[in-house]
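# Coordinate analysis (summary)
Now for the letters of each chain:
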Amino acid sequence: MGKLVWFAAGAAVGFVFGTRAGRQTYDELVATTRKVMEHPTVQEAAGLVQAQAAKLYDEGLRKLNQQA
């Protein structure tokens, strides 16, 4: 329950700061985030993480099926 309270408090603070920053700051943040996400190094890392997650999912599913 304590974690939920901290999360809610953080969300409230973020909301207040976000609304005070204004639309222009928000648009700049979105543009920067998109630029970072489109960077080839980030795309490569995301692909590696996705492949590893799929591998772990398949291994877990296989172990569950063996137990049944």
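Positions within a chain are numbered from 1, following the residues in the order the chain's sequence is written. Local features are withheld for residues below a pLDDT of 70 in this predicted model, meaning they are given only at 70 or higher, and side-chain atom pairs are given and counted only at 80 or more; totals for whole chains, interfaces and linings count all residues. Values reported for side chains reflect all heavy atoms of the structure, with hydrogen atoms and water molecules removed beforehand.

## Some thoughts on the overall build of the protein
We count a stretch as a helix when DSSP gives it H or I for four or more residues in a row; a strand needs E for two or more, and each element gets its number in order from the N terminus. On a plain count of helices and strands, the protein comes out with three helices and zero strands. Over its C-alpha trace the protein gives a radius of gyration of 20 Å, far above what one expects of a compact globule, namely 11 Å for 68 residues. Along the longest, intermediate and shortest principal axes, the C-alpha atoms of the protein span 55 × 40 × 10 Å. Each residue's exposure class comes from its accessible area (1.4 Å probe, protein chains only) as a fraction of the maximum for that residue type: buried when under 20%, exposed when over 50%, partly exposed otherwise. A buried classification covers 0% of the 68 residues belonging to the protein. We get accessible surface area from the Shrake-Rupley algorithm with a probe of 1.4 Å; when it comes to residues, only the shown protein chains can shield them. For the protein, the exposed area adds up to about 6,500 Å²; of that, 65% sits on carbon and sulfur atoms. Only four residue types enter the tally: Lys and Arg on the positive side, Asp and Glu on the negative side, with His and both chain ends excluded. To locate a charge, take atom NZ for lysine, CZ for arginine, CG for aspartate or CD for glutamate. Of note, the protein has its 8 positive side-chain charges centred 8 Å away from the centre of its 6 negative side-chain charges. Throughout, radius of gyration means the C-alpha value; the globule benchmark is 2.2 Å times the number of residues raised to the power 0.38.

## Thoughts on the environment of Ala45
By the element assignment, Ala45 lies in helix α3 (residues 40-67). Given a relative accessible area of 38%, Ala45 falls into the partly exposed group. Spatially, the C-alpha atom of Ala45 lies 24 Å from that of Leu61, the residues being 16 residues apart in sequence.

## A few points about the confidence of the model for the protein
Parts of the model with low pLDDT should not have their predicted coordinates read in detail. Values of pLDDT, the confidence the predictor places in each residue, fall between 0 and 100. Of the residues in the protein, 97% reach a pLDDT of 70 or more, and the chain-wide mean stands at 86. Here helix α1 (residues 2-21) stands out as the least confident element of the protein, with mean pLDDT 79; α3 is the most confident, with 94.

## A look at α1
An expected span of 1.5 Å times one less than the residue number is assigned to each helix. Spanning 20 residues, α1 covers 29 Å between terminal C-alpha atoms, matching the ideal 28 Å at 1.5 Å per step. Count one or two residues on from α1 and you reach Gly22, which has phi positive near 95°.

## Comments concerning the environment of Thr32
Its location among the elements puts Thr32 in helix α2 (residues 23-37). Between the alpha carbons of Thr32 and Gly18 there is a distance of 16 Å; along the sequence they are 14 residues apart. A polar contact of 2.9 Å, which involves the side chain of Thr32, links it to the backbone oxygen of Glu28. Pairs of N or O atoms are called polar contacts if they sit within 3.5 Å, as long as, within protein, a hydrogen donor faces a hydrogen acceptor (for residues adjacent in sequence, only side-chain-to-side-chain pairs).

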